[in-house]
Amino acid sequence: MTRFLTGRLLGLVAVLFVTSLVVFGSVHLAPGDPVSFLLHGRPATPDAVAALRAQYHLDDPLPVQYVKWLGSALQGDFGRSTQYHQDVSSLIGSRMAGTLLLIGYSALLVVLLGVAAGIGAALRPGLFDRAVLIATGVATATPAFVSAIVLVSVFSVRLGWFPGPGGTPTGLGERLYHLTLPALALALTFAGLLARVTRSAMLDELGREHVEVARARGVAARTVVRRHVLRNALGPVVTVGGTMLAGLLISTSIVETAFNVPGLGSLLVQSVTAKDFAVVQAITLLSVAAFAVVNVVVDLLVPLIDPRLSLRGEGSS
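In this text the structure is predicted, and so the values were computed from the model without any measurement. (Residues numbered from 1 in each chain as written. Predicted model: local features only at pLDDT ≥ 70, side-chain atom pairs only at ≥ 80, totals over all residues. Heavy atoms only, no water.)

**So, the nonpolar core**
Stage number 1. Counting residues in each nonpolar core, the largest one holds 38 residues, and the members touching the most others are Leu179, Leu194, Met202, Val229, Leu248 and Phe259.
Stage number 2. With eleven residues, the top contributor of residues to this core is helix α8 (residues 172-206).
Stage number 3. One finds Tyr66, Phe78, Ile92 and Ala282 within the second-largest nonpolar core, a separate group that totals 15 residues. (Core = buried A, V, L, I, M, F, W, Y, C linked by side-chain atoms within 4.5 Å. Buried < 20%, exposed > 50% of the residue type's maximum accessible area, 1.4 Å probe, protein only. Helix = DSSP H or I, 4+ residues; strand = E, 2+ residues; numbered from the N terminus.)

**Here's the deal with α8**
Side chains that are three or four residues apart share a direction in an α-helix, a result of its 3.6 residues per turn.
Stage number 1. Counted at 1.5 Å a residue, the expected span for α8 with its 35 residues is 51 Å, but the 42 Å between its end C-alpha atoms falls short.
Stage number 2. Maximum bend of α8: about 45 degrees, positioned at Leu179, with proline Pro182 one to four residues after it. (Expected span 1.5 Å × (residues − 1). Bend = angle between axes of the 7 residues up to and from the residue.)

**Focus on the environment of Arg95**
Stage number 1. Among the structural elements, Arg95 can be located in helix α5 (residues 88-123).
Stage number 2. A C-alpha to C-alpha distance of 8.0 Å links Arg95 and Leu267, two positions 172 residues apart in sequence.
Stage number 3. Non-local contacts of Arg95, meaning those with residues more than four positions away in its chain, are made with Tyr84, Pro262, Gly263, Leu264, Ser266, Leu267 and Gln270. (Contact = heavy atoms within 4.5 Å.)

**Section: a nonpolar patch on the surface**
Stage number 1. A cluster of nonpolar side chains, Phe145, Val146, Ile149, Val150, Val154, Leu159, Trp161 and Ile254, forms an exposed patch at the surface whose accessible area comes to about 700 Å².
Stage number 2. Element by element, the count of residues in the nonpolar patch is highest for helix α7 (residues 144-158), at five residues.
Stage number 3. Relative to the helices and strands, Val146 is located in helix α7. (Patch = residues over 30% accessible without salt bridge, like charges linked within 9 Å, V, L, I, M, F, W, Y side chains within 5 Å. Areas by Shrake-Rupley, 256 points an atom, 1.4 Å probe, with all protein chains shown as cover. Salt bridge = Lys/Arg side-chain N within 4 Å of Asp/Glu carboxyl O.)

**Quick notes on the side chain of Ser156**
Stage number 1. Within the element layout of this structure, Ser156 appears in helix α7.
Stage number 2. When its relative accessible area of 14% is taken as the criterion, Ser156 is described as buried.
Stage number 3. Looking at Ser156, its side chain comes within polar contact range of the main-chain oxygen of Phe162, at 3.2 Å. (Polar contact = N/O pair within 3.5 Å; in protein donor to acceptor, adjacent residues only side chain to side chain.)

Put into structure tokens, the structure is as follows:
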């Protein structure tokens, strides 16, 4: 266990270091100049431009900028936003709660819809199974922005069951009500994928020899499914589900922009457009860190769910 954790932590540090290099280099190599956004098209003297570059450390060589940025980031200081003129850490903190609530709501829908549909399809072959395969195929192939348009058109414009994009909800219940359509738009693709993984894992376990023996001995069908099928099928479901959970954070930018949700995703899109280097670097690095941490947690959980998989085997796979 200690050797496994040490290897995973060292791998996490290496991934974050390489990611920081790639993010920093790609952002600064992109065309455009953040100083032009700061000036808003107004003419400025060379001294004024030089002062702006010095204020945001844009006049330093790229290696020096990277070392300064990485050192500050390790202390929780991601610099100052050129677009909002405030600390990036506080800016991200003010947007993070909305994004985490959206991700949590969407993850709950992914688990409920995906696992339930996958189990039902595996246990009820025939018409129901084919219907689930068709529905999940459509959901998987439909981009999030298309789902957002359809959901708003049907449930907001025509039926009026949910509010459209925008609005300023106050309490938790009202916020969840406003986030229902965004969470559903974000969850549909992932729920379709998880349903297919769950169905495949369940069918694989249903064909195992020990399941056939349990059935032949007269063990109740519910007991066979609960003890011998579902539990053993949870390994790949948790593995894929953990990866999807991390992927939800990356996919929020489309949904938050479509529904005008003030979260990290919409902030990232605005910052990329405005060439706000500090914000783009911070959100991207945090997203990769969340993805890597979730993968480590999943690697620890899978052997606990399915004892047949040892930590050594999981780490080498």
